[in-house]
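Each chain, letter by letter, is given below.
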Protein chains: 2
Amino acid sequence: MTKADSGDRERKSDRTRRRILDAAADLLSRKGFDGTRVSEIAALAQLRVPAVYYYFDSREAILEEVVNIGDRMAVDNVRARLAALPPEATAMDRICAAYAGHLEMVLKESAYTAAAMRTLGQLPPDIRARQLEHQRETGQLWRDLIQAGVDDGEIDPGLDPRAARMFLLGAVNWATEWWNPERGSLDDILATAQRLIRNALSGPGAASPPGTAAQGAASPPGAAAQGAALSPVFSPPQL
Amino acid sequence: MTKADSGDRERKSDRTRRRILDAAADLLSRKGFDGTRVSEIAALAQLRVPAVYYYFDSREAILEEVVNIGDRMAVDNVRARLAALPPEATAMDRICAAYAGHLEMVLKESAYTAAAMRTLGQLPPDIRARQLEHQRETGQLWRDLIQAGVDDGEIDPGLDPRAARMFLLGAVNWATEWWNPERGSLDDILATAQRLIRNALSGPGAASPPGTAAQGAASPPGAAAQGAALSPVFSPPQL
DNA sequence: GTCTATACCCGGATAGAC
DNA sequence: GTCTATCCGGGTATAGAC
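Remember, predicted model here, so these are calculated numbers, not experimental data. (Residues numbered from 1 in each chain as written. Chains lettered and ligands numbered in written order. Predicted model: local features only at pLDDT ≥ 70, side-chain atom pairs only at ≥ 80, totals over all residues. Heavy atoms only, no water.)

1. Some points on the nonpolar core
What counts is decided by this rule: Nonpolar cores were defined as sets of buried Ala, Val, Leu, Ile, Met, Phe, Trp, Tyr and Cys residues, with membership established by side-chain atoms within 4.5 Å. Throughout, exposure labels follow a simple rule: accessible area from a 1.4 Å probe, protein chains only, divided by the maximum for the residue type, with under 20% read as buried, over 50% as exposed, and the rest as partly exposed. Contact definition: two residues touch when any of their heavy atoms are within 4.5 Å.
Among the nonpolar cores identified, the biggest contains 134 residues, and F167 and L201 of chain A together with F167 and L201 of chain B are the most heavily contacted of them. Among residues more than four places away in sequence, those in contact with L201 of chain A are M92, I95, E154, I155, D156, L159, A164 and L168 of chain A together with L196 of chain B.

2. Looking at the protein's contact with DNA strand C
Using the following cut-off: Whether a residue is near a molecule or strand depends on its heavy atoms: it is near if one of them lies within 4 Å of it. Polar contacts, as counted here, are pairs of nitrogen or oxygen atoms within 3.5 Å of one another; within protein the pair requires one atom able to donate a hydrogen and one able to accept it, and residues that are adjacent in sequence qualify only if both atoms are side-chain atoms. Strands are runs of DSSP state E lasting at least two residues, helices are runs of H or I lasting at least four, and both sets are numbered from the N terminus onward.
For DNA strand C, the set of nearby residues contains 17 residues, the closest of which are R48, P50 and Y55 of chain A together with Y53 and R59 of chain B. The contact atoms of DNA strand C, taken as those within 4 Å of the protein, divide so that sugar and phosphate hold 71%. Separating a phosphate oxygen of DNA strand C from a side-chain N or O atom of S13 of chain A is a distance of 3.1 Å. At 2.6 Å, a side-chain N or O of Y53 of chain B approaches a phosphate oxygen of DNA strand C. Sorting the residues of the surface near DNA strand C by element identifies helix 1 (12-31) and helix 3 (49-55) of chain A together with helix 2 (38-44) and helix 3 (49-55) of chain B as the ones contributing at least two each. Of the residues forming the surface near DNA strand C, the biggest block, four residues, is contributed by helix 3 of chain A.

3. What to know about the interface of chain A and chain B
For clarity, the threshold we go by: Two parts placed together each lose some accessible area under a 1.4 Å probe, and the buried area is that loss summed for both. In the sections that follow, a salt bridge refers to a side-chain nitrogen of Lys or Arg positioned within 4 Å of a carboxyl oxygen of Asp or Glu.
Chain A puts 46 residues into the contact, and the matching count from chain B is 46 residues. The contact between chain A and chain B buries some 3900 Å² in all, and 65% of this surface belongs to carbon and sulfur atoms. Per-residue buried area on chain A facing chain B is highest for F167, W174 and W178 of chain A; these three make up 21% of the total on that side. Linking chain A with chain B are two salt bridges, by the criterion used here. Between R195 of chain B and D156 of chain A there is a salt bridge, with the nearest N and O atoms lying 2.6 Å from each other. Run the count over chain A and chain B and you get ten residue pairs in polar contact (both at pLDDT 80 or more).

4. Quick word on the relation of the copies chain A and chain B
Rules: The atoms used to superpose the copies are C-alpha atoms, taken from residues with pLDDT of at least 70 in both, and the fit is least squares.
The two copies are related by a screw motion: chain A maps onto chain B through a turn of 180° and a shift of 0.0 Å along the axis, at an RMSD of 0.0 Å. Between the two chains, the operation in question is that of a two-fold axis.

5. Observations concerning the UniProt feature "DNA-binding region" (unreviewed entry) in chain A
Basically, it comes down to this: UniProt positions are given in the numbering used here, feature names are shortened, and annotations may be inferred rather than shown by experiment.
Residues annotated in UniProt with the feature "DNA-binding region" (unreviewed entry) correspond here to residues 37-56 of chain A. Helix makes up 70% of residues 37-56 of chain A and strand 0%, and the two end C-alpha atoms of the span are 14 Å apart.

6. What about the protein's contact with DNA strand D?
Inclusion rule: Residues are grouped as follows: Ala, Val, Leu, Ile, Met, Phe, Trp, Tyr, Cys and Pro are nonpolar; Asp, Glu, Lys and Arg are charged; every other residue, Gly included, is polar.
Taken together, 17 residues form the shell around DNA strand D, and within it Y53 and R59 of chain A together with R48, P50 and Y55 of chain B come nearest. Of all atoms in DNA strand D that approach within 4 Å of the protein, 69% are sugar or phosphate atoms. A distance of 3.2 Å separates a phosphate oxygen of DNA strand D from a polar atom in the backbone of V38 of chain A. Between DNA strand D and S13 of chain B there is a distance of 3.1 Å, counted from a phosphate oxygen to a side-chain nitrogen or oxygen. Secondary-structure elements contributing two or more residues to the surface near DNA strand D are helix 2 (38-44) and helix 3 of chain A together with helix 1 (12-31) and helix 3 of chain B. If you tally residues by element for the surface near DNA strand D, the top one is helix 3 of chain B, at four residues. Partitioned by chemical class, the residues of the surface near DNA strand D number eight nonpolar, five polar and four charged.

7. Some words on the confidence of the model for chain A
The cut-off we apply is this: The pLDDT value tells you how sure the predictor is about a given residue, anywhere from 0 up to 100.
A residue-level look at chain A finds 82% of positions with pLDDT of 70 or above and a mean pLDDT of 88. Here residues 1-6 of chain A is a poorly scored stretch, pLDDT under 50, and it has zero contacts once near neighbours within four places are set aside; other chains count.

8. A look at the packing of helix 5 (residues 91-107) of chain A against helix 8 (residues 161-173) of chain A
Residues and elements named next belong to chain A. Just so we agree on the cut-off: Under this scheme, a helix contributes an axis fitted over its contacting stretch, all axes are lines through C-alpha atoms, and angles between N-to-C directions fall in the 0 to 180 degree range. Any angle between 65 and 115 degrees counts as roughly perpendicular, while under 35 counts as roughly parallel, over 145 as roughly antiparallel, and the rest as oblique. Note: crossing handedness is left-handed where the near helix turns anticlockwise from the far helix by less than a right angle, and right-handed where it turns clockwise.
Two elements in contact, helix 5 and helix 8, have axes whose closest approach is 9 Å; the angle formed by their N-to-C orientations is 30°. Taken as axis vectors, helix 5 and helix 8 run roughly parallel relative to one another. Between helix 5 and helix 8 lies a crossing whose hand is right-handed. Across from Y99, H102, L103 and V106 in helix 5, the residues of helix 8 making contact are A164, R165, L168, L169, V172 and N173. When grouped by side-chain class, the residues that make up the contact of helix 5 with helix 8 number seven nonpolar, two polar and one charged.

9. Details of the side chain of S29 of chain A
Residue and element names in this part refer to chain A. For S29, the position within the fold is in helix 1. Classification of S29 by relative accessible area gives buried; the value is 10%. Within the structure, S29 has its side chain in polar contact with the backbone oxygen of D26 (distance 2.8 Å). Among residues more than four places away in sequence, those in contact with S29 are A111, A114, A115 and R118.

10. A word on helix 4 (residues 59-83) of chain B
Short version of the rule: Multiplying 1.5 Å by the residue count of a helix minus one yields the expected span of that helix.
Over its 25 residues, helix 4 of chain B extends 36 Å from the first C-alpha to the last, a length consistent with the 36 Å expected when each residue adds 1.5 Å. Extensive coverage of helix 4 of chain B is indicated by the burial of 18 of its 25 residues.

11. Some points on the pattern of salt bridges
Taken as a whole and judged by the stated rule, the model has 26 salt bridges over all chains. Where salt bridges share partners, they join E64, D126 and R130 of chain A into one cluster.

12. Some remarks on the packing of helix 8 of chain A against helix 8 (residues 161-173) of chain B
Axis separation between helix 8 of chain A and helix 8 of chain B bottoms out at 7 Å; the angle between their running directions is 120°. Taken as axis vectors, helix 8 of chain A and helix 8 of chain B run oblique relative to one another. Crossing hand, helix 8 of chain A versus helix 8 of chain B: right-handed. Where helix 8 of chain A abuts helix 8 of chain B, its residues F167, G170, A171 and V172 of chain A lie against F167, G170, A171 and V172 of chain B.

Have a look at this one:
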């Protein structure tokens, strides 16, 4: 009961810690790094401030853990969507699935990834440096995905691959600023994003390739197209 | 000499005021709304804090004026680029020129527009409300541009126009996070952005339409394509 | 583990001399 | 117009009881 149940159910202490992180993620995604107050985190987590300091050494420690979890959730969901693709998926199919997986986590109710993406440029140098360290692998994943599309001739050769990759990442990361679940379902916006991304990278003169049945049809809003209807798959943040 | 030279050269007082705004824009674009300190603004403007309060009523008043100027510079440059197009420009040409004009201001050394775009979600409710009021006209401009493309059949009917518009706006607004002038010229990145945007909106099965000579050629990095080489045109912020 | 009370510092803003 | 000096509120963090 003391050590045997480590994999069992979260102990109360862990649940409290998680409540603090959830509250911090929510605030961080809405107010930014400097705008997030420990007192607000505590209030949202139904605690007094000193209780928060029982679990974390400092305000920055809380926020750093939030962004780390947010980054991790994003890349885990990207990998899960890639793994769910059939073997005959093209390089372009994989790129679209990856962006959709990322966007899904940015827009989820769980605000960890939104918080991580929104505070990129506001992090203190030391936190930012450690984050970049962790993201090396993720950066390589994205570069490889795009490069595969280039190698297979599926990507407009007139595009600079790095710039295109970053522009599209910005497009999905910025979606928190304007997307509202009341104006359309998550699946709809994922479908639109994928169509836009496929168009953007394919370039002119690229007719619908095999494995892209949904491309030609002008699916009306309300009907989620293609791979966007995949059930959300992601790993919960590890505490 | 007291009133006759109003249009002449800025008086010293105006120049000092401008130095404060320039400093605030720079800091705001890098540190965000809550991270920008009056003491830092003062230091960057070569002043002590009380001198800053001689020109502005409050910290928020400074920052609000910065974002207003930033928004204004962006839309002014968009309009200037649209006005510079030849009469035979298509709806898609106009859309690309508009995004290029916006992106140009986001990436300019002058940090006003970058500051405005980066702090959208961090503004206090009252400032945000006034900003939205000012932006009504701008929003309509963008909607009209896209709608013209839809009406002319130049835009992929499978795309939701609003979502597409916002995704692409996000792509350009987020460019501050990753673009570095040392890795490529401004004209290059504007050219890449325009190509990506044209691809994204045109959709599959859209061969290069007339008036889009540069589309088919895979211009190597270093050679700015098409309209991107337009000399930067924008109105200076009115003080 | 969680609280009340408090030390401490920092940032916004003002008073008043020059 | 710009300064030195200072006030004040609020935010981080800790001490110590329960």
